[in-house]
Amino acid sequence: MEPLQSLPVKVDVAIVGGGIIGISTAYALTRAGVSVAVFEKGTLACEQSSRNWGWVRSLMRDIPEIPLALLANKRWTEIQQQTDVGFRQSGILYLARTSGELNDYRLWLDKAKPLGVDAVLLDRGGVSAHLPEAKENWIGGLYSQGDGVAEPGLATQGIAELARRHGARIYEHCAVRAVGRQESGVSTIHTEHGTLAANAVLVAGGAWSRLFCGNLGISLPQLKVRASVLSTFPVTPPLDIAVNGRDFTCRPRADGGYTVSQFNASYTDIVPDSFRLFRQFLPAWIKNNGLVKLRLGKAFFREMSIRRRFGSDDISPFEEHRVLDPGPMQSALKSSLKKLAQVFPAFEVAEVQRMWGGYIDVTPDALPIISPVTGHAGLYIATGFSGHGFGIGPAVGEMAARMVLNQNPEIDLTPFRLSRF
Ligand SMILES: Cc1cc2nc3c(=O)[nH]c(=O)nc-3n(C[C@H](O)[C@H](O)[C@H](O)COP(=O)(O)OP(=O)(O)OC[C@H]3O[C@@H](n4cnc5c(N)ncnc54)[C@H](O)[C@@H]3O)c2cc1C
C-alpha cells in the first residue's frame, strides 16, 4: 500500500475503485507505460471481487461478453504463470434436469459456437462420465473444458502486485469524493486525503458507481442484489470440476475445500432506487422471477439515509460506508449444501468453514457498462458487471485501458455503452 502522504501531483489516469476491474485496468495501463493511481476506499477487493464464487466461465454468457471471456481465459493463464491467483482450467459443467434446460443450452451453443467457445452438449452418458459418483441421473449438460476457477482471495491482490511492479500507485483507505474538470481539460480528483490532477478518470466503483456518477450529474441505472456463499473445510469428494446443478453450485478451492451456493440464494432489497429505476428494471424482475426475489427490509431505510449530493470538501458516503458487508442468508446456503450432499454423499461430512454475503451490482440488461461518458470529456466508466465480472476482469481491464487511451479496443464495446439506457 502506498503511504497516503505520497499522493502524486498528476497522473495520466486515475482509477476510482480497487476491485478486479480497476486493478486489471491499472495493470494493462502501466504495462503500456502510462502513469496510474488507483484509489480504494476500503482495502483492495473488499467488496465483490473477494466475495464471489471464483468461476471463470464462458458457459452461458451473454453473447456480447463471449469475446471478453475467451480473451480473459488466456490472460488468467498468463497471470498465473507470474503470480499465484489460484487459476486453473478445472472445467465447468452445467447440468440439465429437464429437456427445457437442455434446449436452453443448445440454443445458447448455436449462437456461441461460431465465436470460438469450446463448449459441448453432453447426453446422460456424457454427464455420468464426468460425475461417476453422482446419485442423480441428469438428462444431459453443457460442458467447457477450458473454463475454470481462480481464487477471489488472491486474484486482485496478485494482479495489483504485477501492476505495482510496472509502476502503478495504489492507495487503500482513500475514497474519491468527486471529480472536477479544469478549463485546460485536465480533471481534478478530490480524495479524502487531498487532490491530484489526471488526464483521464475511470470509475470502476462497483456497487457505488451509481452514487458516484449521480453526484456528478450522470445517470447510471444500477441496483444491488444480495448474494450468499459458503466454503467448506477440506473434504475429499470426487469432484474436481465446477458444477452448476441449479439448486446448488460447487467448485473446488485451492485450499482443498469447496465454494458452495446456488443461483436462487439471492435477494434484491427494495430501496429508494428501486422506485426511481422501476421502469428500467421491471422487465429484468419479471424475467428473473424466482431466481432473484424482492425483499423489503432495513436496507430501505439505510439507503434512504445515504446522501446523494455531496461536495468535495465534505466527508462523503464512501468514507461513511467503507465496506459493503451484508450478512449471508444462512438457510439458503445450508439448503444448497444439503442438496449437494444428496447428489454427492461424500459432502455429508463436509464442515462449513465460513459463510458470507456480497452485493452484486446489476444493470437493467445484466450487461456491464464499459464506456466513455458523453458530455464529460476524459471520464470513463467500467461497472455494472451484474454478477459475472470476476472471470472476465483481466480482459475488461485490457479493453478499458485501450478505451481510455483512445486506442481501438479490438473487442466490440458498443453493447456496453452507457448511452444504451
Ligand atoms: C456472491 C457473489 C458471487 C459472484 N460470483 C462470480 C463468479 O463466480 N464469477 C464471476 O465472474 N463473477 C462473479 N461475481 C461478480 C463479480 O464478483 C463482480 O462482477 C466483480 O468482482 C466486479 O468487480 P468490480 O471491480 O467492478 O467491483 P468491486 O469488486 O465491487 O470493486 C469496486 C471497488 O470500488 C471501491 N469504491 C467504490 N467507490 C469508491 C470511491 N468513491 N472511492 C474509492 N473506492 C471506491 C469499493 O470499495 C470496491 O472495493 C459474483 C459476485 C458476488 C457478490
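Definitions and cut-offs
- Residues numbered from 1 in each chain as written.
- Predicted model: local features only at pLDDT ≥ 70, side-chain atom pairs only at ≥ 80, totals over all residues.
- Heavy atoms only, no water.
- Helix = DSSP H or I, 4+ residues; strand = E, 2+ residues; numbered from the N terminus.
- Rg over C-alpha atoms; globule rule 2.2 N^0.38 Å.
- Buried < 20%, exposed > 50% of the residue type's maximum accessible area, 1.4 Å probe, protein only.
- Contact = heavy atoms within 4.5 Å.
- Areas by Shrake-Rupley, 256 points an atom, 1.4 Å probe, with all protein chains shown as cover.
- Lys, Arg positive; Asp, Glu negative; His and termini not counted.
- Charge placed at Lys NZ, Arg CZ, Asp CG, Glu CD.
- Phe/Tyr/Trp six-rings, centres within 6.5 Å; stacked < 30°, edge-to-face > 60°.
- Lys NZ or Arg CZ within 6 Å of the ring centre and 35° of its normal.

Q: So what's going on with the overall build of the protein? Which residues, and what values?
A: When helices and strands are tallied, the protein shows 13 helices and 20 strands. The C-alpha atoms of the protein give a radius of gyration of 21 Å, which matches the 22 Å a tight globule of 421 residues would have. The principal-axis extent of the C-alpha atoms belonging to the protein is close to 65 × 45 × 40 Å. For the protein, the residues scored as buried account for 59% of the 421 residues in total. The contacts in the protein between residues at least 6 apart in sequence include a share of 75% that link residues at least 24 apart. A total of about 17,200 Å² of accessible surface is found on the protein, and carbon and sulfur atoms cover 52% of it. With 44 positive and 39 negative side-chain charges, the protein shows a separation of 4 Å between the mean positions of the two kinds.

Q: So what's going on with the packing of aromatic side chains? Residues and values would help.
A: On inspection of all chains with the given rule, the structure shows 15 aromatic pairs. Taken together, Trp 53, Trp 55, Tyr 94 and Tyr 105 form an aromatic cluster joined through their ring pairs. Above the ring of Tyr 27, the side-chain terminus of Arg 31 is found at 4.3 Å from the ring centroid. Seen from the ring of Tyr 267, Arg 295 lies directly overhead, with NZ or CZ sitting 4.2 Å from the centre.

Q: Could you give an account of the environment of Arg 354, with specific residues and numbers?
A: Relative to the assigned elements, Arg 354 resides in strand E18 (residues 352-362). What makes Arg 354 partly exposed here is its relative accessible area of 45%. Separated by 121 residues in sequence, Arg 354 and Phe 233 have C-alpha atoms that sit 8.6 Å apart. Setting aside chain neighbours within four positions, we find Arg 354 in contact with Val 229, Leu 230 and Ser 231.

Q: Just give me the short version of unusual backbone geometry, but keep the residues and values in it.
A: You will see that Ala 45, though not glycine, has its phi angle at about 60 degrees, which is positive. Mapped onto the secondary structure, Ala 45 falls in the loop between strand E2 (36-39) and helix H2 (48-51). Of the residues examined, Ala 45 reaches a relative accessible area of 2% and is grouped as buried. Unusually for a residue other than glycine, His 173 sits at a positive phi of about 50 degrees. With relative accessibility at 36%, the residue His 173 sits in the partly exposed group.

So yeah, pure geometry; function would need other evidence.
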